[in-house]
Amino acid sequence: VSKAADRWAGATAVITGAGSGIGAGLARAAAAAGMTVVLADIDEPAIQALSAELLAKGAVAADPVVTDVSDLESVERLAGAAFGRPEPVRLLANNAGIEQVSLLWEDGPGAWDRLMGINVSGVYHGMRAFVPRLIEEGVDATILSTASVGAFTSGAFQGMYQVSKRAVLTLSECLASDLEVVKAPIQVSVVFPGAVNTQIFHRAPDLGGRSTRMRGTLEDLCATSGMDSDEAGALILERAAAGDRWITTDPGMAWSLAKLLRDRVEEIMGVIGS
Ligand SMILES: NC(=O)c1ccc[n+]([C@@H]2O[C@H](COP(=O)([O-])OP(=O)(O)OC[C@H]3O[C@@H](n4cnc5c(N)ncnc54)[C@H](O)[C@@H]3O)[C@@H](O)[C@H]2O)c1
C-alpha cells in the first residue's frame, strides 16, 4: 500500500490544472490511492475526458469542476463543490500554472497580469478559499503548492515566471507561519519540479525572434529529457503523503539552483556587512 493510500484513501483531493501534465499525473495517482478527486481546470474537455478515464479505471469519484484559478469567486465555487462531497477534503494541490519566455520588457499586452493572476493569485485564492474551512474542521489536511526549481534562480528569459515561482515559495512559508499562530494541524508543502514532459512551453505565448528560439529550446528539453508527467505526479503525491514540506522531481538540479541562491545571499551579506 502506498503512503498516499495509507494516509488518504477515502478522502477527497482537489487538484487545480488537472487537465494536463503534472496535475493530471497527480489526479491519476490520487485516484489510484483510493481518493475522490475533484478535477479543476479552465479546459473543460480535458477534465471531462480525465474524469471518464479515472471512473473507467475504478476511481471512487472524479468530479470535473471548471475553474479559473485567477478568479477568487471561481475558486470559492470549487471549494463549495469539494466540501459538498461526502468524503472529507484532505488535500488541495495548487498546481495550475503557465510559462512565459521573454525578456522582461518584451512581454505581450497583459502578459504580466495574466501570469501573476494564475501563478501567484491562483495559489493565494486556493489558500484563501480552503484554509478557513479546514481550520474550522480541525482536520489533518495538506496544502501542496507547485513552485519550480526556477523559484531559486534569476535567469534571462524567465523573469516573470521565476518571480511568480519565488512568490509561491514565500506564500507557502508565510502560510506555514500563520498556521503556527493558530496551531492548525495543516501541512504546507511546496513542489520544485525540474523538467517534466508536459504542454507548458507549447502553451506559452510565442513572442517571436530570440524568445521563440529559447521557448523552443526549453520545450525540447522537457520533451527529450523531462520526467514523465504521471511519474512526476505519483512521486509528488507520495512525498506529500510522507509529510515532506519540500518536494522535487530532480534533486540534483534543485540542489544546484538552491545553492546559487544561497551563494547570492551570502554575496549580498558580504557586501552589506553586519
Ligand atoms: N513541466 C515542467 O517542466 C515544470 C517545471 C517546473 C514547474 N512546473 C509547474 O507545474 C505546474 C503544472 O504545469 P505543467 O507542466 O503540468 O503544465 P501544463 O500546461 O501541461 O498543464 C497546466 C494545466 O493548467 C491549466 N490552467 C491554465 N490556466 C488555468 C487557470 N487560469 N485556471 C485553472 N487551470 C488553468 C491548463 O489548462 C493545463 O491543463 C505549473 O505550476 C508549472 O509552473 C512545471
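Counting restarts for each chain, with residues numbered from 1 along the sequence as it is written. It should be noted that, the model being predicted, local features are given only for residues of pLDDT at least 70 and side-chain atom pairs only at 80 or more, the latter also being counted only at that level, while totals for whole chains, interfaces and linings use all residues. Hydrogens and waters are ignored; side-chain quantities use all the structure's heavy atoms.

*Asks:* Go over the site of the ligand, please, and point to the residues and values.
*Replies:* Only heavy atoms are used to decide nearness, and a residue is near a molecule or strand if one of them lies within 4 Å of it. Taken together, 30 residues surround the ligand, and among them Ser-20, Ile-22, Asp-41, Tyr-161 and Thr-198 come closest. The contact in question runs from an oxygen atom of the ligand to an N or O atom on the side chain of Asp-41, over 2.6 Å. Counting of polar contacts relies on pairs of N or O atoms within 3.5 Å, with two restrictions inside protein: one atom must be capable of donating a hydrogen and the other of accepting it, and residues adjacent in sequence are counted only when both atoms are side-chain atoms. Here a nitrogen atom of the ligand sits 3.0 Å away from a polar atom, N or O, in the main chain of Val-69. Under the convention used here, a 1.4 Å probe and the Shrake-Rupley method define accessible areas, while residue burial counts only the protein chains that appear. In isolation the ligand exposes 840 Å². Once the protein is present, 96% of that is buried. Elements with a minimum of two residues in the shell around the ligand: helix H2 (21-32), helix H6 (159-181) and helix H7 (200-203). Secondary structure follows DSSP: runs of H or I at least 4 residues long count as helices, runs of E at least 2 residues long count as strands, and numbering of each begins at the N terminus.

*Asks:* Lay out the pairing of strand E1 (residues 12-16) in plain terms, naming residues and giving numbers.
*Replies:* The rule is simple: take the accessible area with a 1.4 Å probe, protein chains only, and divide by the maximum for that residue type; under 20% is buried, over 50% is exposed, in between is partly exposed. By the criterion of burial, E1 is predominantly enclosed, with five of the five residues buried. Taking every second residue as pointing to the same face, both faces of E1 are buried, with Thr-12, Val-14 and Thr-16 on one and Ala-13 and Ile-15 on the other. Here the rule is simple: two strands pair whenever DSSP picks up at least two bridges between them. Of the strand pairs in this sheet, E1 and strand E2 (residues 36-41) are connected by five bridges, and their pairing is parallel. Following the sheet pairing, Thr-16 is matched in E2 by Ala-40. Here the term right-handed applies to a crossover when the path leading from its first strand over the helix to its second strand runs clockwise, the strands being oriented away from the viewer. The handedness of the E1 to E2 crossover, carried by H2, is right-handed.

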